[in-house]
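Observations on the model geometry
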Amino acid sequence: MAKITVNTLLGMKRAGQRITALTAYDAPFARIMDEAGVDVILVGDSVGMAALGRRDTLSVTIGDMIHHAKAVTAAAQNAMVVVDMPFMSFQVSAQKALENAGHIMQESGAHGVKLEGGEKYADRIRAIVEAGIPVMGHIGLTPQSYHQLGGYKVQGKQGDGARRLLADARAVEKAGAFAVVLEAIPAELAATITQTLHIPTIGIGAGAECDGQILVMHDMLGLSDGPHPRFVKVFSDLRTQVKNAFTAYIGEVRGGAFPAKEHTYSALTESPLKVVGKKKE
Ligand code: KIV
């Protein structure tokens, strides 16, 4: 399989081929999803909740992102790896955004960055793209602003909000982004944005008419705690399978069934205790 690039993704949109994207934060899962043929692996700042036990994404740092992105880029052979710019890494100024995007790219070996926000942050997208770094936009429900949005709520349900999101999508495209994530917006609005833009839209809770779909890996594998948003489909109940494996291990160790002979090295013909106690001739 050929390496996925920004051109591949644009070509897929033109050809009407759906783009697949998932988040990953470590090498083993990145390797498996790459082997399965996913097009884009996002090292999302959702790492904070999915893997680091945080309440939200706000405390995730550039260091956290680089740490996890390095593991993902080391494992992924074909997928395009995109790294989230965490909270406060791009909000302050276009200059800061450019410096931080460059730092993330240099340290992580990723192929692009993603940042949340539309028209308001178009100058950040432009500055980063002009430096030769591919940028994925992210509009609709932008979790880094959830306090301002009043929670994790569907966006663009009313006329004004919908018009603003369409303007955001256009601004992100005009600024040079190669794709845009549409999170938690009505399917009809996502379809309009998808038809309006030349760049691919990647939906999460944005209906079936987007050019591609993304899910948080831990959600779709049934590894996350608590209730899921409506848009999550759990493709495998790994939590139960993993728990069963842990329970079986505990039982076998306590009961003496593990380790068995086949898990045990045997180099000494005599007991180590006897060898230790043996006198030198
Ligand atoms: O951080 C993340 O995982 C994301 C996806 C939900 C798009 O931004």
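See above for the structure.
Residues numbered from 1 in each chain as written. Predicted model: local features only at pLDDT ≥ 70, side-chain atom pairs only at ≥ 80, totals over all residues. Heavy atoms only, no water.

A word on the site of the ligand
Around the ligand sit Thr-23, Leu-42, Gly-44, Asp-45, Ser-46, Asp-84, Lys-114, His-138, Val-181, Ile-204 and Val-216, and those are all the residues in its vicinity. Residue Asp-84 places a side-chain N or O atom 3.0 Å away from an oxygen atom belonging to the ligand. Here the ligand occupies the largest pocket. Classifying every residue of the shell around the ligand by side-chain character gives four nonpolar, four polar and three charged. (Near = heavy atom within 4 Å. Polar contact = N/O pair within 3.5 Å; in protein donor to acceptor, adjacent residues only side chain to side chain. 1 Å grid on protein atoms, 1.4 Å probe; cavity = no way out; pocket = protein on both sides within 12 Å on 5 of 7 lines; lining within 4 Å. Sits in = over half its atoms within 2 Å of the grid points. Nonpolar A, V, L, I, M, F, W, Y, C, P; charged D, E, K, R; others polar.)

Observations concerning the layout of surface pockets
Of the voids in this model, the largest pocket is the one considered here, and its volume is about 1200 Å³. Lining the largest pocket we find 47 residues, and of these Ile-204, Val-216, Asp-219, Pro-229 and Phe-231 sit closest to its centre. Elements with a contribution of two residues or more to the lining of the largest pocket: β1 (19-23), α3 (47-50), β4 (112-116), β6 (179-183), β8 (212-215) and α10 (217-220). When residues of the lining of the largest pocket are assigned to their parent elements, the largest contribution, five residues, is made by β1. Class assignment for the residues of the lining of the largest pocket results in 25 nonpolar, 12 polar and 10 charged. Taken as a whole, the second largest pocket encloses approximately 520 Å³ of empty space. Together, 24 residues line the second largest pocket, and Lys-120, Gly-140, Thr-142, Leu-149 and Asp-168 are the ones closest to its centre. (Points joined across faces, edges and corners; volume = space filled by probe spheres on them. Helix = DSSP H or I, 4+ residues; strand = E, 2+ residues; numbered from the N terminus.)

Focus: the packing of aromatic side chains
Counted by the stated rule, this structure contains three aromatic pairs. Geometrically, the ring pair formed by Tyr-146 and Tyr-152 is stacked, given 4.6 Å between the ring centres and 10° between the ring planes. (Phe/Tyr/Trp six-rings, centres within 6.5 Å; stacked < 30°, edge-to-face > 60°.)

Points about the sheet that holds β4
Either a parallel or an antiparallel arrangement is found when strands of a sheet pair, and the pairing is made through backbone hydrogen bonds. Ordered in space as β1-β2-β3-β4-β5-β6-β7-β8, the eight strands form a closed barrel in which the pairing is parallel. Within this sheet the neighbouring strands show an average axis-to-axis angle of 25°, counted without direction. (Pairing = 2+ DSSP bridges. Axes fitted to C-alpha atoms, helices over the stretch in contact; angles between N-to-C directions.)

Examining the packing of helix α4 (residues 62-75) against helix α5 (residues 94-108)
Contact pair α4 / α5: the axes reach a minimum separation of 9 Å and the direction vectors enclose 35°. Relative to α5, the crossing made by α4 is right-handed. When α4 is examined against α5, the residues Ile-62, Ile-66, Ala-69, Lys-70 and Thr-73 are found in contact with a partner set consisting of Asn-100, His-103, Ile-104, Glu-107 and Ser-108. Of the residues contributing to the contact of α4 with α5, the split by class is four nonpolar, four polar and two charged. (Left-handed = near helix turned anticlockwise from the far one by under 90°. Contact = heavy atoms within 4.5 Å.)

Things to note about the side chain of Thr-73
The topology assignment puts Thr-73 in helix α4. Side-chain polar atoms of Thr-73 contact the backbone oxygen of Lys-70, separated by 3.2 Å. Discounting chain neighbours no more than four positions away, the residues touching Thr-73 are Val-81, Ser-108, Gly-109 and Ala-110.

Topic: the nonpolar core
Counting residues in hydrophobic clusters, the biggest one holds 61 residues, and the most contacted among them are Ile-41, Val-113, Ile-128 and Leu-182. Not counting chain neighbours up to four residues away, the residues in contact with Val-113 comprise Val-82, Val-83, Met-85, Ala-101, Ile-104, Met-105, Ile-128, Ile-133, Pro-134, Val-135 and Met-136. Ile-19, Phe-178, Ala-179 and Val-181 belong to the second largest nonpolar core, which has 16 residues in total. (Core = buried A, V, L, I, M, F, W, Y, C linked by side-chain atoms within 4.5 Å. Buried < 20%, exposed > 50% of the residue type's maximum accessible area, 1.4 Å probe, protein only.)

Digging into the pairing of strand β3 (residues 80-84)
Of all five residues in β3, five are buried; the element is thus mostly enclosed. Here β3 shows no split at all, with Met-80, Val-82 and Asp-84 on one side and Val-81 and Val-83 on the other all buried. In the sheet, strand β2 (residues 40-43) pairs with β3 via four bridges, with the strands oriented parallel. Paired with Ile-41 across the bridge in β3 is Val-81. What joins β3 to β4 is α5, and the crossover it makes is right-handed. (Right-handed = clockwise from strand over helix to strand, strands pointing away.)

Notes on the packing of helix α2 (residues 27-36) against α4
In the contact formed by α2 and α4, the axes pass within 8 Å of each other and the chain directions differ by 40°. It follows from the interaxial angle that α2 and α4 lie oblique. Considering only the axes of α2 and α4, their crossing is right-handed. Across the interface between the two elements, Ala-27, Ala-30 and Arg-31 from α2 touch Ala-71, Val-72 and Ala-75 from α4. Taken together, the residues that form the contact of α2 with α4 break down as five nonpolar, no polar and one charged. (Parallel < 35°, antiparallel > 145°, perpendicular 65-115°, else oblique.)

Quick look at the pattern of salt bridges
This model, assessed by the stated rule, comprises six salt bridges. Note that Arg-54 is salt-bridged to Asp-64, the shortest N-O span being 3.4 Å. Placement of the pair is Arg-54 in the loop between α3 and α4 and Asp-64 in helix α4, with a sequence separation of 10 residues. For Arg-54, a relative accessible area of 28% translates into the label partly exposed. Residue Lys-114 is joined to Asp-84 by a salt bridge in which the shortest nitrogen-to-oxygen separation is 2.8 Å. Highlighted residues: Lys-114 in strand β4 and Asp-84 in strand β3, separated in sequence by 30 residues. An identical accessibility class is assigned to Lys-114 and Asp-84; each is buried. (Salt bridge = Lys/Arg side-chain N within 4 Å of Asp/Glu carboxyl O.)

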